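Structure assessment
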Amino acid sequence: MLRVTTNSAEPTNTLPRVVVAEDEALIRLDLVEMLEDNGYDVVAAVSDGEAALAAVREHRPDLAVFDVKMPAKDGISAAEEIGREHLTPVVLLTAFSDKHLVDRAGDAGVMGYVVKPFTWNDLGPALTVALRRWSDTRSLSDELEEMKTRFEARKSLDRAKGLLTTKLGLDEQAAFRWIQKTAMDRRLSMQQVCDGVIAEFGD
């Protein structure tokens, strides 16, 4: 396995980590070899959808490559569960290219879809796009969560200032300074102080 050494004592693995799920043994072996030959670290290779889910939950890979038709649980159903848990991007492999499967894959949040038989020229770009789309999606999700947190914090601050204005007779600027000073004096966050004010004076 290729490793890049740094100044630290521990080597750092820079290869994208992949879980493979394919019920046909020869195709699974070929797929693992293809991935490893092109710079991917296959951390698990399994033969059914339930095992694929377990492997993804255990290894938390950078990417999952699943066949659609598998025992126990098909690849799309496994991808749906992985998507709900926000674990990793999934690329599906299938011998079928009908619209129903494509629609199901899209609804499951699958990041890529490759029709068999395929070569690395088909699979490689699909994996690259899936990793980039996943990164973009996670970045957007993080930004939205940050905006939501800031919005909620602003709402708490406005409510706390309003309560201090009503209960203590402070103007808005004085109420803000009171919250700020209390946070500093008690070594609390302003959010914690606002929550305390709301708990004390709120209805």
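Just so it is clear, the structure is predicted and the values come from calculations on it, not from any experiment.

Regarding a negative patch on the surface
A contiguous patch of negative charge, built from Asp30, Glu33, Glu36 and Asp37, is present on the exposed surface. Looking at the secondary structure, you find Asp30 in helix α1 (residues 25-37).

Some words on the pairing of strand β3 (residues 63-67)
Of all five residues in β3, five are buried; the element is thus mostly enclosed. Because side chains alternate across β3, one face comprises the buried residues Leu63, Val65 and Asp67, and the other comprises Ala64 and Phe66, equally buried. Across four bridges, β3 lies against strand β4 (residues 90-94) in parallel orientation. Bridging across to β4, Phe66 finds its partner in Leu92. What joins β3 to β4 is helix α3 (residues 75-84), and the crossover it makes is right-handed.

Some thoughts on the UniProt feature "modified residue: 4-aspartylphosphate" (unreviewed entry) in the chain
Mapped onto the present numbering, the UniProt feature "modified residue: 4-aspartylphosphate" (unreviewed entry) falls at Asp67. Following the sequence through the fold, Asp67 ends up in strand β3. Judged by its relative accessible area of 4%, Asp67 falls in the buried class. With residues up to four places along the chain from it excluded, the contact list for Asp67 reads Ala21, Glu22, Asp23, Gly75, Leu93, Thr94 and Lys116.

Re the sheet that holds strand β2 (residues 41-46)
Taken in spatial order, the five strands line up as β2-β1-β3-β4-β5 in an open sheet, and their pairing is parallel. A strand with exactly one partner marks an edge of an open sheet, and here the two such strands are β2 and β5 (112-115). In this sheet, neighbouring strand axes are inclined to one another by 20 degrees on average, regardless of whether the strands run parallel or antiparallel. Contacting β1 (17-21), β2, β3 and β4, α1 runs over the sheet at an angle of about 170 degrees to β2.

Concerning the environment of Ile198
Looking at where Ile198 falls in the secondary structure, it is placed in helix α7 (residues 190-201). Along the backbone, Ile198 and Leu157 are 41 residues apart, and their C-alpha atoms lie at a distance of 9.4 Å.

A look at the pattern of salt bridges
The final tally for this structure, using the stated rule, is ten salt bridges. Where Glu22 meets Lys116, a salt bridge forms, and the shortest distance between an N and an O atom there is 2.9 Å. Of this pair, Glu22 sits in the loop between β1 and α1 while Lys116 sits in the loop between β5 and α5 (120-168), and the two are 94 residues apart along the sequence. The residues Glu22 and Lys116 share a single accessibility class, namely buried. Among the charged side chains, a network of salt bridges with common partners joins Glu50, Arg57, Lys73, Glu81 and Glu85.

Some details on the packing of aromatic side chains
Applying the stated rule across the entire model yields one aromatic pair. Plain terms: the ring middles of Tyr40 and Trp120 are 5.9 Å apart, the flat faces sit at 65 degrees to each other, and that makes the pair edge-to-face. Taken together, the residues span a long stretch of sequence, with Tyr40 in the loop between α1 and β2 and Trp120 in helix α5 at a distance of 80 residues. In this structure Trp120 comes out as partly exposed when scored by relative accessible area, which is 22%.

Thoughts on the side chain of Thr88
The residue Thr88 is located in the loop between α3 and β4 in this model. At 2.9 Å, the side chain of Thr88 forms a polar contact with the backbone oxygen of Pro61. A polar contact is formed between the side chain of Thr88 and the backbone nitrogen of Leu63, at a distance of 3.1 Å. Not counting the four nearest positions on each side in its chain, Thr88 is found in contact with Val56, Pro61, Asp62, Leu63, Ala64, Ile82 and Trp134.

The rules behind these values
Residues numbered from 1 in each chain as written. Predicted model: local features only at pLDDT ≥ 70, side-chain atom pairs only at ≥ 80, totals over all residues. Heavy atoms only, no water. Patch = residues over 30% accessible without salt bridge, like charges linked within 9 Å, V, L, I, M, F, W, Y side chains within 5 Å. Areas by Shrake-Rupley, 256 points an atom, 1.4 Å probe, with all protein chains shown as cover. Salt bridge = Lys/Arg side-chain N within 4 Å of Asp/Glu carboxyl O. Lys, Arg positive; Asp, Glu negative; His and termini not counted. Charge placed at Lys NZ, Arg CZ, Asp CG, Glu CD. Helix = DSSP H or I, 4+ residues; strand = E, 2+ residues; numbered from the N terminus. Buried < 20%, exposed > 50% of the residue type's maximum accessible area, 1.4 Å probe, protein only. Pairing = 2+ DSSP bridges. Right-handed = clockwise from strand over helix to strand, strands pointing away. UniProt positions renumbered as here; feature names shortened; annotations may be inferred. Contact = heavy atoms within 4.5 Å. Axes fitted to C-alpha atoms, helices over the stretch in contact; angles between N-to-C directions. Phe/Tyr/Trp six-rings, centres within 6.5 Å; stacked < 30°, edge-to-face > 60°. Polar contact = N/O pair within 3.5 Å; in protein donor to acceptor, adjacent residues only side chain to side chain.

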